[in-house]
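# Report on the structure
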Amino acid sequence: MARYEDVHPVDPQRRIITRTVERLREGALIAYPTSSGYALGCAMENVEGRDRMRRIRHLRDDHHFTLLCRDFAQLGSVVDVSNAVFRAVKAATPGPYTFILRATPEVPRRLSHPKKHTVGVRITDDALAQALLAELGEPLLTTTLIMPGAEDPMTEGWVVKDELDHLVDIVLDTGECGVDPTTVVDLSTGTAEVLRHGAGDASPFETD
């Protein structure tokens, strides 16, 4: 059964963050709320955690996983960012966007797209995510928790606990959660392509 943790939405309890990150380092898969719905997350080196995410969501091999980053310094260590792309990303960050960019050698090849060698990246100002990333000290491998056949992410912690009780190890619940997934923008070629319309305004990345 998954451990269910009630977390303060503004000031996450230190003991819960420490305990959760300890479990992440041991190979746990967590479900946690964000401003863009619930997400699944595990440590970057957790191969089994990535595979569990694939099984839960019925993901294809070419699915773009996302590396949730604490700040631009961390983001710059996992993706190649030109000056023009940096300006575009910075103007929309932190916010409800996921950007697809070329992965650096720091990213294990199994986490990037098998042909394009790209990966998703995101920076959020969610208090819970920022607390987890600060304690973890590296990006969190993550994917929006959209179940097979559904169009929208899960948004309620007790529902996540009920439906995924034996599929994840920890469910964090702040009582607050966004309802729309992130807007996904592919910037890997230098030209923006909106792959998914979501909570973020896509117009700055669309051309007539």
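You'll find the structure just up there.
Throughout, a residue's number is its position along its own chain's written sequence, starting from 1. Local features in a predicted model are, by the rule used here, given only for residues with pLDDT of at least 70; side-chain atom pairs are given and counted only at 80 or more, and totals for whole chains, interfaces and linings are based on all residues. Hydrogens and water are ignored here; the side-chain numbers use all heavy atoms of the structure.

Before going further, it helps to examine the nonpolar core. Only buried residues count toward a nonpolar core. Its members are Ala, Val, Leu, Ile, Met, Phe, Trp, Tyr and Cys residues joined through side-chain atoms within 4.5 Å. Buried residues are those whose accessible area, probed at 1.4 Å on protein chains only, stays under 20% of the maximum for their type, while exposed residues exceed 50% and partly exposed ones sit between those limits. Ranked by internal contacts, the top residues of the largest apolar core, which has 42 residues, are Phe-99 and Leu-145. Helix numbers and strand numbers start at the N terminus; a helix is a DSSP run of H or I with at least 4 residues, a strand a run of E with at least 2. Broken down by secondary-structure element, the contributors of at least two residues to this core are strand E3 (37-43), helix H2 (47-57), strand E4 (66-69), helix H3 (72-78), helix H4 (83-91), strand E5 (97-102), strand E6 (118-123) and helix H6 (157-164). Residues in contact with Leu-145, not counting those within four places in the same chain, are Ala-31, Tyr-38, Ala-39, Leu-40, Ile-56, Pro-153, Met-154, Val-160 and Leu-164. By size, the runner-up hydrophobic cluster in this structure holds 17 residues, among which are Ile-17, Val-21, Ile-30 and Leu-172. Whether two residues are in contact is decided by their heavy atoms, any of which lying within 4.5 Å being enough.

What counts as an axis is a line fitted to C-alpha atoms, over the stretch in contact for a helix, and the angles between N-to-C directions run from 0 to 180 degrees. Relative orientation of the contacting elements helix H1 (residues 14-25) and helix H5 (residues 127-136) amounts to 60 degrees, with a least axis distance of 9 Å. Between H1 and H5, the angle falls in the class oblique. In the packing of H1 onto H5, the handedness of the crossing is right-handed. Facing Arg-14, Ile-17, Thr-18, Thr-20, Val-21 and Arg-25 of H1, the residues of H5 in contact are Leu-128, Ala-131, Leu-132, Glu-135 and Leu-136. Split by residue class, the contact of H1 with H5 holds 6 nonpolar, 2 polar and 3 charged. Each angle receives one of four descriptions, namely roughly parallel if under 35 degrees, roughly antiparallel if over 145, roughly perpendicular if within 65 to 115, and oblique otherwise. Throughout, a crossing is termed right-handed when the near helix is turned clockwise from the far one, and left-handed when it is turned anticlockwise from it by less than a right angle. Polar here means any residue other than Ala, Val, Leu, Ile, Met, Phe, Trp, Tyr, Cys and Pro, which are nonpolar, and Asp, Glu, Lys and Arg, which are charged; Gly is therefore polar.

Below, the discussion takes up the side chain of Thr-98. Following the sequence through the fold, Thr-98 ends up in strand E5. Not counting residues up to four positions away in its chain, the partners in contact with Thr-98 are Thr-66, Gly-120, Val-121, Arg-122, Thr-182, Thr-183, Val-184 and Val-185.

What follows concerns the environment of Lys-161. Its place among the elements puts Lys-161 in helix H6. Take Lys-161: its relative accessible area is 17%, and that puts it in the buried class. Along the backbone, Lys-161 and Asp-173 are 12 residues apart, and their C-alpha atoms lie at a distance of 9.6 Å. Here Lys-161 is in contact with Met-1, Ala-2, Tyr-4 and Val-171, once residues within four sequence places are set aside. Each polar contact in these results corresponds to two N or O atoms within 3.5 Å; when the atoms are within protein, one needs to be able to donate a hydrogen and the other to accept it, and residues that are neighboring in sequence are counted only if both atoms are side-chain atoms. Within the local environment of Lys-161, its side chain forms a polar contact with the side chain of Asp-165, the two groups lying 2.8 Å apart.

Examined against the element boundaries, Leu-140 turns out to sit in strand E7 (residues 140-144). With a relative accessible area of 2%, Leu-140 lands in the buried category. Not counting the four nearest positions on each side in its chain, Leu-140 is found in contact with Leu-24, Tyr-32, Gly-41, Cys-42, Ala-43, Thr-66, Leu-67, Leu-68 and Leu-133.

A few words now on unusual backbone geometry. Here the bond from Thr-93 into Pro-94 is cis, since omega is -5 degrees, no more than 30 degrees from zero. Mapped onto the elements of the fold, Pro-94 is located in the loop between H4 and E5. You will see that His-58, though not glycine, has its phi angle at about 55 degrees, which is positive. Residue class for His-58 comes out exposed when judged on its relative accessible area of 60%. Positive phi, normally seen in glycine, also occurs at His-117, with a value near 55 degrees. One can find His-117 in the loop between E5 and E6. In this structure His-117 comes out as partly exposed when scored by relative accessible area, which is 24%.

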